[in-house]
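Commentary on secondary and tertiary structure
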Amino acid sequence: MLLSLFGLVAILSACSRGTDAGPKAFFQVASQIKTAPSPSPEGTVAPLPHIDAKRAFQYTREVTAFGERYMGNENHKKLERYIIDHLKGDQVEDDAFTADTVEGKFPVRNIIAKFPGTKDGIIVIMGHYDTNYWLRGTGYVGANDGGSSTAILLEYANQLRGAKSGDGSGKKRDGYSVWLVWTDGEEAVKTWSDTDSLYGTRHLAEKWEKDGTLKKIKALIVMDMIGDADLDIQRNTSGAAWLLDLIYAAAERLGYQSHFYAMQGSIEDDHLPFMKRGVPTADVIDLDYGYNNVFHHTPQDTMDKLSPNSLQIAGDTILETVHMLDQR
Ligand code: ZN
């Protein structure tokens with residue numbers, strides 16, 4: 001993803017940087033954070049969700065253990081199989097194509113798992129599973145950047161699968177349909193730009209525009225780099241304000257608000273191709289990874305920097321956001 005200049009305090013590049021000097025991130029302190037809206041309608045307050053963070057952390061460990069997972073390499077293929085293997089019995093679709101890049105052609109494969117709901121409309125949750133081609137051969141494993149996002153979606157599949165059937169009858173979840181998308185080719189192959197980034201989501205947004213899916217999406221939430229033990233999710237102002245506020249309200253309900261929105265800025269990520277087409281989007285990201293973001297896109301992005309508690313915080317919050325969206 002890419003940070004852009006914002007206000008007086010500069011927010012500098014992140015995913016955009018190739019092999020140049022270490023990325024830096026400065027954020028502006030968020031000044032106006034709205035308080036949570038009043039609780040959901042009378043008597044309908046559901047129990048607060050709690051994902052199995054230990055299991056999600058184990059997924060992160062296993063995904064990271066594959067090593068470098070850039071588009072088209074053998075580890076990437078192994079991870080594709082790993083994801084699919086964890087979605088047995090679910091409704092799974094592929095969005096596969098060949099991307100033409102400055103480094104040549106690469107196979108790209110977005111993996112979509114659909115959990116049908118009783119309400120008309122779709123909530124999409126996305127996270128990328130690729131690592132950077134330009135970091136190949138450096139030992140880069142992307143535990144947080146790529147690993148945590150893959151893992152949280154796998155855990156969501158468990159949660160949604162449970163909520164769906166309960167009695168094993170395979171009935172729909174009580175609310176909107178939820179689609180989980182493991183996105184591919186989020187990272188640049190060389191240097192972040194409009195044409196060298198977001199390969200998978202640019203393709204998927206175009207496809208969903210043509211087939212009418214975009215019109216059915218009530219909210220699209222991207223999760224990226226949510227495993228940092230020192231979790232401070234920025235308010236990425238590139239997104240729908242009401243959805244960003246709703247996420248904060250969900251965090252407040254869970255008592256997690258101190259991990260949200262202390263800083264804000266504009267960050268480019270997988271939500272962009274959808275946002276540009278009018279879909280309400282939010283990018284949940286902690287792009288302050290180590291002092292001055294020093295672990296980002298370096299071989300230091302390893303499991304020892306992460307914590308199950310951070311997956312718990314981010315995971316519960318977005319699941320509660322889904323429940324709040326269901327009630328709208
Ligand atoms: Zn990245």
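In what follows, the structure referred to is the one given above.
Below you will find a few notes about this structure.

Some thoughts on helix H5 (residues 241-254)
The end-to-end C-alpha distance of H5, which contains 14 residues, comes to 20 Å, matching closely the 20 Å that a straight helix rising 1.5 Å per residue would cover. Listed as buried for H5 are Leu 244, Leu 246, Ile 247, Tyr 248, Ala 249, Ala 250, Ala 251 and Arg 253. Tucked into the core, H5 has its buried residues touching strand E8 (233-236), strand E9 (260-268), strand E10 (281-285) and helix H7 (308-326). Following H5 by one or two positions, Gly 255 adopts a phi angle in the positive range, close to 80°.

What about the environment of Asp 100?
With respect to the element layout, Asp 100 can be found in strand E3 (residues 91-101). Sequence-wise, Asp 100 and Asp 196 are 96 residues apart; in three dimensions their C-alpha atoms are separated by 9.6 Å.

Some thoughts on the nonpolar core
Within the largest apolar cluster, 93 residues are counted, with the highest numbers of intra-cluster contacts made by Ile 125, Val 284 and Ala 314. If we ignore the near neighbours within four places in the chain, the residues touching Ile 125 are Leu 153, Tyr 156, Val 178, Leu 180, Ile 221, Met 223 and Ile 318.

Quick notes on the packing of H5 against H7
In contact at an axis separation of 8 Å, H5 and H7 are set at 115° when each is read in the N-to-C sense. The orientation of H5 relative to H7 falls into the category roughly perpendicular. Every pair of crossing elements has a handedness; the one defined by H5 and H7 is right-handed. Residues Leu 246, Ile 247, Ala 249, Ala 250, Ala 251, Arg 253 and Leu 254 of H5 lie in contact with H7, whose contacting residues are Asp 316, Thr 317, Glu 320, Thr 321 and Met 324. Of the residues assigned to the contact of H5 with H7, the class counts are seven nonpolar, two polar and three charged.

Examining the sheet that holds E10
Strand order in this open sheet of six strands is E3-E4-E6-E5-E7-E10, and the pairing throughout is mixed. A strand with exactly one partner marks an edge of an open sheet, and here the two such strands are E3 and E10. Going across the sheet, the axis of each strand differs from the next one's by a mean of 20°, ignoring polarity. Bridge count for strand E5 (residues 117-128) against strand E6 (residues 173-183) is nine bridges, and the pairing is parallel. When the bridges of E6 are listed, Gly 127 appears paired with Trp 182. Lying on the sheet, helix H2 (residues 74-85) is in contact with E3, strand E4 (104-115) and E6; it crosses E4 at an angle near 10°.

Basis of the calculations
- Residues numbered from 1 in each chain as written.
- Predicted model: local features only at pLDDT ≥ 70, side-chain atom pairs only at ≥ 80, totals over all residues.
- Helix = DSSP H or I, 4+ residues; strand = E, 2+ residues; numbered from the N terminus.
- Expected span 1.5 Å × (residues − 1).
- Buried ≥ 20, exposed ≤ 12 C-beta atoms within 10 Å, placed from the backbone.
- Contact = placed C-beta atoms within 7 Å.
- Core = buried A, V, L, I, M, F, W, Y, C linked by C-beta atoms within 7 Å.
- Axes fitted to C-alpha atoms, helices over the stretch in contact; angles between N-to-C directions.
- Parallel < 35°, antiparallel > 145°, perpendicular 65-115°, else oblique.
- Left-handed = near helix turned anticlockwise from the far one by under 90°.
- Nonpolar A, V, L, I, M, F, W, Y, C, P; charged D, E, K, R; others polar.
- Pairing = 2+ DSSP bridges.

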